[in-house]
Amino acid sequence: WRSARTVVHVLPPGTVVARAWGFETPLDKEGWTDWNLGTRDEEVFEKRTCVCVAKPVHLVAGGEYVVAIKDAADAHLLSPDALGLDLDKNGLVAIRFQNHTPAARLRLRFTTKASPAWEANLGQAFAVTPNDTESRLYTLDLRGAPGWKGTLKQLRLDLSDGSPLTGTCRIDYVWIGRRK
């Protein structure tokens, strides 16, 4: 007996994708990195006869980038650097994921070639469903966001708003693009 999963994502008519990450290859984060998740290796004693080490989850498997978060106030994911996308042409960012944390708001931040440092005003907070059992699509229109101009350098998805939280996030895909 075997099973498999095939996922087909249909873009809205007239949508153009300039850059996308689908996390389809096991263990390939496609250049994304995770930071300050609060998780660490933990020793587990089984029947007091042997010590096993439990490794934290932050990997790509089953078509998703899965991260476990434990009491983390600054958990975030970073895209690859030097993305080089024209922000005047590409104002939409779509993120499909499951938020299985108590967070009700996340923040997508960005840097540009002209503003390469992480600045608090460069980004957009957005509402998410806390402790969600489903994957949902969140589409952000950043064309009106301060600083969304020039050339995109990097994205940062803040999974915590400064309050410690525990749970998991399962990112299905991220894309940057526009509507014709």
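Look a little higher up for the structure.
Rules and cut-offs
- Residues numbered from 1 in each chain as written.
- Predicted model: local features only at pLDDT ≥ 70, side-chain atom pairs only at ≥ 80, totals over all residues.
- Heavy atoms only, no water.
- Salt bridge = Lys/Arg side-chain N within 4 Å of Asp/Glu carboxyl O.
- Buried < 20%, exposed > 50% of the residue type's maximum accessible area, 1.4 Å probe, protein only.
- Helix = DSSP H or I, 4+ residues; strand = E, 2+ residues; numbered from the N terminus.
- Polar contact = N/O pair within 3.5 Å; in protein donor to acceptor, adjacent residues only side chain to side chain.
- Contact = heavy atoms within 4.5 Å.
- Pairing = 2+ DSSP bridges.

### Considerations on the pattern of salt bridges
Inspection of the entire model under this criterion finds nine salt bridges. Measuring nitrogen to oxygen at the nearest pair gives 2.9 Å for the salt bridge that ties Lys29 to Asp34. With a relative accessible area of 16%, Asp34 lands in the buried category. What you see here is one network of salt bridges that share partners, running through Asp74, Arg109, Arg156 and Asp158.

### Points about the side chain of Asn90
The residue Asn90 is located in the loop between strand 8 (85-86) and strand 9 (92-100) in this model. Owing to a relative accessible area of 4%, Asn90 belongs among the buried residues under this scheme. Here Asp86 takes part through its backbone oxygen, which lies 3.0 Å from a polar atom of the side chain of Asn90. Contacts of Asn90, omitting those with residues within four sequence positions, involve Ala18, Trp148, Ile176, Gly177 and Arg178.

### Digging into the pairing of strand 6 (residues 64-72)
In terms of residue burial, strand 6 counts as a mostly covered element, since seven of its nine residues are buried. Pairing analysis gives four bridges linking strand 5 (residues 58-61) to strand 6, with the strands arranged antiparallel. Looking across to strand 6, one finds that Val60 is bridged to Tyr65. The turn joining strand 5 and strand 6, which pair antiparallel and follow one another in sequence, is formed by two residues; a positive phi near 60 degrees is taken by Gly62. By the bridge criterion, six bridges tie strand 6 to strand 14 (residues 165-179) in an arrangement that is antiparallel. Bridging from a neighbouring strand, Val66 pairs with Arg170 of strand 14.

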